[in-house]
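Listed below, chain by chain, are the residues.
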Amino acid sequence: MAQASCTPPPEAAPDWTIPQAWDTYSPAEHAMWDHLFARQTLMLPERAASEVMAGIDVLRMKRPGIPNFDELSERLMKATGWQVVAVSGLVPDRIFFEHLANRRFVAGRFIRTPEQIDYLQEPDIFHDVFGHVPLLANPVFADYMQAYGEGGLRADGLGAIERLARLYWYTVEFGLVQQDGGLKLFGAGIISSYGESLFALDDLSPNRLGFDLRRLMRTPYRIDDYQQAYFVVESFEDLLRQTIETDFAPLYAELAGGDDIPIDVILPSDRVHTHGTQAYAAAAKIRDA
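Residues numbered from 1 in each chain as written. Predicted model: local features only at pLDDT ≥ 70, side-chain atom pairs only at ≥ 80, totals over all residues. Heavy atoms only, no water.

Moving on: the packing of helix 1 (residues 27–43) against helix 9 (residues 194–202). Where helix 1 contacts helix 9, the axes come no closer than 10 Å and their chain directions differ by 20°. As judged from the angle between their axes, helix 1 and helix 9 are roughly parallel. Of the two elements, helix 1 crosses helix 9, and the hand of that crossing is right-handed. Of the residues in helix 9, those in contact with R39, Q40 and M43 of helix 1 are Y194, S197 and L198. Tallied by class, residues from the contact of helix 1 with helix 9 come to three nonpolar, two polar and one charged. (Axes fitted to C-alpha atoms, helices over the stretch in contact; angles between N-to-C directions. Helix = DSSP H or I, 4+ residues; strand = E, 2+ residues; numbered from the N terminus. Parallel < 35°, antiparallel > 145°, perpendicular 65-115°, else oblique. Left-handed = near helix turned anticlockwise from the far one by under 90°. Contact = heavy atoms within 4.5 Å. Nonpolar A, V, L, I, M, F, W, Y, C, P; charged D, E, K, R; others polar.)

Structure, rendered in structure tokens:
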């Protein structure tokens, strides 16, 4: 989401966007998309939120090959007024928030190589488009993303981006939702990852806790491995309502200078769906020592 440089690349417009240049994708790049798409859509119907699967259908993402952003945006605009715009990589926070606030989702145009098939540090087009875009066809989640962008612009002025980034991480990237009597996936970081699509619901290691805005903003997150904690929203409607109705300025002031809650801790006040063993994180710590 953030980038150290405040100057757009030479090939980019002032808002950091670039042409997707869809015609330049190679057959191997289209084949990589098709492989990743087939692998995820085979496992997700019983695991992902219904809104994710509906978005894949509405946007006709089952067509072979990397989606053309112009065609994708045309269908998305009809559904919720959103567009997908290409960027060359990560963009500065304020640019990112401005795009979201104006219903534009920025997506990298490159796709991972076979060597990166299960892990890469910088999000590629599969993560950005397959992971994020289907939910933008849902009116409620589309409104939440715009509200987040508007909130990000305010947080930038209050020096509170780090706190607000945790909301994005634990919802947009790694969120779970209560649905059909169980837990379902909706975060793009899970939806676009074969391994985490299994881990987030099936593994005994992570804590799965009820969504609580204050608690979540005090909780750090992992950027280098599977999550040790997931937060479960009751519904997208409730997530949007809490985002719109919360006055974030006094919340940031309340949390300023306060201690974080260690990522593996469960508080007496937490609504616990799963009290994880944290075995995966403990094994990883030993392995990396």
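What follows continues from the structure just given.
On to the packing of helix 1 against helix 5 (residues 125–136), then. In the contact formed by helix 1 and helix 5, the axes pass within 11 Å of each other and the chain directions differ by 40°. Considering the angle they form, helix 1 stands oblique to helix 5. As for the relative orientation of helix 1 and helix 5, their crossing is right-handed in sense. Listed contacts from helix 5 to W33, L36, F37, Q40 and T41 of helix 1 are I125, F126, V129 and F130.

Turning to the sheet that holds strand 4 (residues 176–179), a few remarks are in order. The strand order across the open sheet built from five strands is 5-4-7-6-8, with neighbouring strands paired in mixed fashion. Across the chains shown, the open sheet's two edge strands, defined by having one partner strand only, are strand 5 (182–185) and strand 8 (272–274). On average, each strand axis in the sheet is tilted by 35° relative to the strand beside it, whichever way the strands run. In this sheet, strand 7 (residues 229–233) lies alongside strand 4 in parallel orientation, the contact comprising two bridges. By the bridge assignment, L176 is partnered in strand 7 with V232. (Pairing = 2+ DSSP bridges.)

Among the five residues that make up strand 3 (residues 104–108), four are buried, leaving the element largely enclosed by the rest of the structure. Where strand 2 (residues 83–87) and strand 3 come together, five bridges link them in parallel fashion. Within strand 3, the position partnered with V85 by the bridge is V106. For the crossover from strand 2 across helix 4 (residues 93–101) to strand 3, the handedness is right-handed. (Buried < 20%, exposed > 50% of the residue type's maximum accessible area, 1.4 Å probe, protein only. Right-handed = clockwise from strand over helix to strand, strands pointing away.)

We now examine the packing of aromatic side chains. Applying the stated criterion across every chain yields a total of 20 aromatic pairs. Clustering of aromatic rings is evident, with ring pairs tying together W169, Y170, F174, Y221 and F231. Over the face of the ring belonging to Y25 we find R109, whose NZ or CZ atom lies 4.6 Å from the ring centre. (Phe/Tyr/Trp six-rings, centres within 6.5 Å; stacked < 30°, edge-to-face > 60°. Lys NZ or Arg CZ within 6 Å of the ring centre and 35° of its normal.)

This part covers the sheet that holds strand 3. Read from one edge of the open sheet, three strands run 1-2-3, paired in mixed fashion. A strand with exactly one partner marks an edge of an open sheet, and here the two such strands are strand 1 (17–18) and strand 3. Across two bridges, the pairing between strand 1 and strand 2 is antiparallel. Within the sheet, the bridge partner assigned to I18 lies in strand 2 and is A86. Sheet strands in contact with helix 4 are strand 1, strand 2 and strand 3, and its direction is about 130° off that of strand 3.

Moving on, we get to the pattern of salt bridges. Inspection of every chain in the model, using the stated rule, returns 18 salt bridges. A salt bridge links D202 to R47, with the nearest nitrogen and oxygen atoms 3.0 Å apart. Separated by 155 residues along the polypeptide, D202 in helix 9 and R47 in the loop between helix 1 and helix 2 (50–58) bring together distant segments of the chain. On the accessibility criterion, D202 (48% relative accessible area) is partly exposed. With relative accessibility at 14%, the residue R47 sits in the buried group. Notably, a salt bridge pairs E162 with R166, separated by 3.6 Å at the nearest N-O pair. With E162 and R166 both in helix 7 (residues 161–173), this residue pair falls four residues apart, about one helical turn. Residue E162 is classed as exposed on the basis of its relative accessible area of 58%. Three or more residues are tied together by salt bridges with common partners; here these are E162, R163, R166 and D260. (Salt bridge = Lys/Arg side-chain N within 4 Å of Asp/Glu carboxyl O.)

Any functional reading would require information beyond the geometric quantities listed.
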